[in-house]
Amino acid sequence: MDFIPYATQSINEDDLAAVRDVLTSGWLTQGPAVPRFEQAFAGLHGVPHAVAVSNATAGLHIACLALGAGPGQTVWTSPNSFVASANCALYCGAHVDFVDIDPVTRNMGVAELDAKLQQAERDGVLPAIVIPVHFGGLACNLAPMRELADRYGFKILEDASHAVGARYNGQPIGSRYADASVFSFHPVKIVTTGEGGIVTTQDAALARRLQLLRSHGITRETGDMQHPDTGAWHYEQQCLGFNYRMTDIQAALGHSQLQRLDSFHTARERLAERYDRLLASLPLRRPARAPGPGATARSSWHLYVVEVVPGDGVADRATVFTRLREAGIGVNVHYEPIPLQPYYRGLGFHSGQFPAAEAYAAQALSIPLYPTLTDAQQDRVVAALAEALQA
Ligand SMILES: *Cc1c(COP(=O)(O)O)cnc(C)c1O
């Protein structure tokens, strides 16, 4: 029986042609495919600036730097995320802390954020940056987060790795409420460039800073030079940057993938609705729907996560997980709380600090969802899940 992964890329003939074309175009990197991809991405997300990078982790790193993260400062993120959401702040020498999740949306909770800010203000340790994560592609409640940011004076950096093309309040995710947003193009995400990421922002100066940081801190723009008269060969390193560039090969693939963003979303949405129906009678908790009608708040459906709630006659999550893997179904757990990773325990975090994230993580199970998943494969997942759930 074929193995059904929890997620996978979808590559078609157009993608192959785009990559073939760029390979013979004369530009493998630092050519025109990168700005073309950036412009297409920015246009689709309704934001003026997009800076493509080698992966979303690199994007989170330079976005933290550009937003001012550094030693003596604190950055908060969600415990229910991939480790990169927190590691990016540590790269900058900042301190990291977490805000517990809302158990229904599994996103950073607004009430939890509000309460933690009040305490932090009393303690004199307010965060410089808060990194909400649109878990599974379902948008965080950004409007009240923006109000809190303005009241307490922190920046918002969205980790929108899951949320390419997702919507909140009728508009695409991408720096409408946040100061900057980072998207991932890893093959399990909504569109892929192999490895890849992008940072969006409304702020031209911030975009300029991100461009410097992604390429060694070097500028070749005459207008930006501190010593413009040196000679035509002249470039300047103006800050300590990195080589976090996206190649033209990646950008060409990404541009081709973006042409199918709508159809990817439609396919994911249809499969998610089908799961909702097929799983309705099983003893598990299904994912929250985006609040509001239609396209007002559209999840990108990166993940379909069910929760195996302990009960009579129901197998525990570990058993369900093992049985499904044995049946050739690539289930996964998104995520074990970041603060419970050994590295973060070494920084002083421990069990019991973020009870909602821990309770959720003990029950979570991501089941296969990607645009080319067939109805027959989905039926196989549902049948195997129904069987695996029996104690
Ligand atoms: C995938 C992911 C990242 C990292 O993305 P890369 O492009 O692999 O570096 C960061 N945050 C979240 C929430 C992710 O899912």
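Note that the structure is a prediction, hence the values are computed from the model and not measured.

J.: What is the right way to look at the overall build of the chain in this model?
T.: Check the secondary structure of the chain and you find 13 helices and 13 strands. In terms of C-alpha radius of gyration, the chain reaches 22 Å, essentially the compact-globule figure of 21 Å for 391 residues. Judged by the C-alpha coordinates and their principal axes, the chain covers about 80 × 60 × 40 Å. Per-residue burial for the chain yields a buried fraction of 54% across its 391 residues. In the chain, the proportion of contacts linking residues at least 24 apart, taken out of those at least 6 apart, comes to 72%. Surface exposure of the chain reaches about 16500 Å², of which carbon and sulfur atoms provide 52%. Charged side chains in the chain number 30 positive and 38 negative. The centres of these two groups are separated by 2 Å.

J.: What should I look at first to understand the side chain of Thr74 in this one?
T.: Mapped onto the fold, Thr74 is located in strand β2 (residues 74–77). On the accessibility criterion, Thr74 (13% relative accessible area) is buried.

J.: Can you walk me through the sheet that holds β2 in this structure?
T.: Strands belonging to one sheet form pairs held by backbone hydrogen bonds; the direction of such a pair is parallel or antiparallel. The 7 strands are arranged β1-β9-β8-β5-β4-β2-β3 in an open sheet whose pairing can be described as mixed. This sheet does not close on itself; its edge strands, each paired only once, are β1 (49–53) and β3 (95–98). Across the sheet, the axes of successive neighbouring strands diverge by a mean angle of 20 degrees, strand direction being ignored. Both strand β5 (residues 155–159) and strand β8 (residues 180–184) contribute to a ladder of 3 bridges, which runs parallel. Across the sheet, Asp159 pairs through a bridge with Val182, a residue of β8. Packing against the sheet, helix α4 (residues 84–91) makes contact with β2, β3, β4 (129–131) and β5, and its axis sits at approximately 155 degrees to β3. Where helix α7 (residues 204–214) meets the sheet, it contacts β1, β8 and β9 (197–201), and its direction lies at approximately 15 degrees from that of β1.

J.: Can you help me understand the nonpolar core in this one?
T.: Soluble globular proteins tend to bury their nonpolar side chains together. Core analysis: the largest hydrophobic core is formed by 49 residues, its most contacted members being Phe98, Leu157 and Leu210. Every element with two or more residues in this core is listed here: β1, α3 (56–66), α4, β3, β4, β8, α7 and α12 (355–361). The element contributing the most residues to this core is α3, with 7 residues. Summarising the domain contributions, this core has at least three residues from each of domain 1 (13–260) and domain 2 (262–388). Residues in contact with Leu210, not counting those within four places in the same chain, are Val51, Ile62, Ala63, Ala66 and Val199. Judged by nonpolar contacts, the second largest core, of 44 residues, contains Val22, Ala52, Val164 and Phe264.

J.: Help me understand the site of the ligand in this model?
T.: Around the ligand there are 15 residues in total, and Thr57, Asp159, His162, Ser184 and Lys189 lie nearest to it. Backbone polar atom of Ala56 to an oxygen atom of the ligand: 2.8 Å apart, as the coordinates give it. Expressed as a share of its isolated accessible area of 380 Å², the protein-covered part of the ligand is 93%. Of all elements in the fold, only α3 and α4 reach the threshold of two or more residues within the shell around the ligand. Looking at side-chain class alone, the shell around the ligand contains 5 nonpolar, 8 polar and 2 charged residues.

J.: What am I meant to see in the pattern of salt bridges here?
T.: Any two side chains of opposite charge can pair if their charged atoms end up close together. Using the criterion set out here, one finds 15 salt bridges in the structure. For Arg146, the salt bridge is made with Asp150, and the minimal N-O distance between the two is 3.1 Å. On the criterion of helical spacing, the pair formed by Arg146 and Asp150 is a turn pair, its members being 4 residues apart in helix α6 (residues 142–152). Arg146 gets classed as buried once you look at its relative accessible area, which sits at 19%. One continuous salt-bridge network, built from bridges that share partners, spans Arg270, Arg274, Asp375 and Asp379.

Conventions we followed
Residues numbered from 1 in each chain as written. Predicted model: local features only at pLDDT ≥ 70, side-chain atom pairs only at ≥ 80, totals over all residues. Heavy atoms only, no water. Helix = DSSP H or I, 4+ residues; strand = E, 2+ residues; numbered from the N terminus. Rg over C-alpha atoms; globule rule 2.2 N^0.38 Å. Buried < 20%, exposed > 50% of the residue type's maximum accessible area, 1.4 Å probe, protein only. Contact = heavy atoms within 4.5 Å. Areas by Shrake-Rupley, 256 points an atom, 1.4 Å probe, with all protein chains shown as cover. Lys, Arg positive; Asp, Glu negative; His and termini not counted. Charge placed at Lys NZ, Arg CZ, Asp CG, Glu CD. Pairing = 2+ DSSP bridges. Axes fitted to C-alpha atoms, helices over the stretch in contact; angles between N-to-C directions. Core = buried A, V, L, I, M, F, W, Y, C linked by side-chain atoms within 4.5 Å. Domains from an automatic or database assignment. Near = heavy atom within 4 Å. Polar contact = N/O pair within 3.5 Å; in protein donor to acceptor, adjacent residues only side chain to side chain. Nonpolar A, V, L, I, M, F, W, Y, C, P; charged D, E, K, R; others polar. Salt bridge = Lys/Arg side-chain N within 4 Å of Asp/Glu carboxyl O.

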